[in-house]
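Residues per chain, in single letters:
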There are 2 protein chains.
Amino acid sequence: MRTLLLVAHGSRREASNDEVRQLTDQLQSYINADEPPLFDKVSCAFLELAPPSIPDGLEYFISAGTKEIIVLPYFLSAGRHVSEDIPAEVDKVRDKYPNVKIKIADYLGSSSGICHLLLSLAVK
Amino acid sequence: MRTLLLVAHGSRREASNDEVRQLTDQLQSYINADEPPLFDKVSCAFLELAPPSIPDGLEYFISAGTKEIIVLPYFLSAGRHVSEDIPAEVDKVRDKYPNVKIKIADYLGSSSGICHLLLSLAVK
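Report follows, based on the coordinates. (Residues numbered from 1 in each chain as written. Chains lettered and ligands numbered in written order. Predicted model: local features only at pLDDT ≥ 70, side-chain atom pairs only at ≥ 80, totals over all residues. Heavy atoms only, no water.)

**Here's the deal with the pattern of salt bridges**
Counting across every chain of the model gives 18 salt bridges over all chains. Where E59 of chain A meets K96 of chain A, a salt bridge forms, and the shortest distance between an N and an O atom there is 2.7 Å. Remark: K96 of chain A occurs in the loop between α3 (80-94) and β4 (101-104) and E59 of chain A occurs in helix α2 (residues 54-63); sequence separation between them is 37 residues. Between R21 of chain B and D18 of chain B there is a salt bridge whose closest N-O contact spans 2.9 Å. Placement of both R21 of chain B and D18 of chain B in helix α1 (residues 14-32) is noted, with a separation of 3 residues, approximately one turn of the helix. Overall, R21 of chain B belongs to the partly exposed group, its relative accessible area being 24%. Classification of D18 of chain B as partly exposed rests on a relative accessible area of 31%. Several salt bridges share partner residues, and in doing so they unite R2, E68 and K101 of chain A into one network. (Salt bridge = Lys/Arg side-chain N within 4 Å of Asp/Glu carboxyl O. Helix = DSSP H or I, 4+ residues; strand = E, 2+ residues; numbered from the N terminus. Buried < 20%, exposed > 50% of the residue type's maximum accessible area, 1.4 Å probe, protein only.)

**A short note on the relation of the copies chain A and chain B**
Of the two same-sequence chains, chain A is brought onto chain B (RMSD 0.0 Å, axial shift 0.0 Å) by a rotation of 180°. Here the two chains are linked by the operation of a two-fold rotation axis. Taking C-alpha positions as reference, the residue of chain A nearest the rotation axis is L76 of chain A, located at 4.0 Å. Looking at chain A, 100% of its interface residues are interface residues in chain B too, so the copies touch through the same face. (Least-squares fit on C-alpha atoms with pLDDT ≥ 70 in both. Contact = heavy atoms within 4.5 Å.)

**A closer look at the interface of chain A and chain B**
Chain A puts 40 residues into the contact, and the matching count from chain B is 40 residues. Note on chain A versus chain B: buried area summed over both sides is about 3500 Å², and carbon and sulfur give 71% of it. Where chain A meets chain B, there are 2 salt bridges. Across the pair K124 of chain B and D106 of chain A runs a salt bridge whose closest N-O atoms are separated by 2.8 Å. For the pair chain A and chain B, the interface holds 14 residue pairs in polar contact (both at pLDDT 80 or more). Within the residue set of the side of chain A that touches chain B, elements represented by two or more residues are β1 (2-8), α1 (14-32), β3 (68-73) and α4 (114-122) of chain A. In terms of residue class, the side of chain A that touches chain B is built from 25 nonpolar, 9 polar and 6 charged. (Buried area = accessible area lost by both parts, 1.4 Å probe. Polar contact = N/O pair within 3.5 Å; in protein donor to acceptor, adjacent residues only side chain to side chain. Nonpolar A, V, L, I, M, F, W, Y, C, P; charged D, E, K, R; others polar.)

Below you can see the structure in the form of structure tokens.
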């Protein structure tokens, strides 16, 4: 079982957290349309200010039997949150389950596809 | 003359602001490759914490002779910054130059292309 955990910062504004949850649902639909699906399940977690936490999100997947988790930082810049805080949260769980493979993917802002996306919005 | 202003939040961490400036350079290169180019010039501005401000970014374009500016919010969620603060900053300049057309595009997080980009990162 291979799963994807989208990790956002988390906000005091609940509507912003809901945007992340809706995006997670969209990702799940997107994946379900693939045959075979790239991931069995997609979920989200928040670094702070909203549930679930990153460890809770990871443990949810592990208790469901996943053996491989990709953690995907939904962040635009490579600041301390991406370089230190998210890895530290992941390590809390990694150390408890050495047989589960957990990989942190590149953060959203590092994607070379961002330019194309921005220009699509700019001319819409 | 038609120009594009990428607007980010701005950070106390200068490397994060530099990421936005580098992305702006990438956008300019991307646009230059189009014939005819979608925009004559791309620049960036910051809502707070880093120069130039949104009014300064807009006035830079206007002093160079632009008649149409697209403001593109480089934000992931539709919070107060996107719904209130950026429009308020734009209005300061709009009121001074009624003959310049300034349009605020949809923010990055609203793009339906985000799913595809995230999955590309997840399987990289």
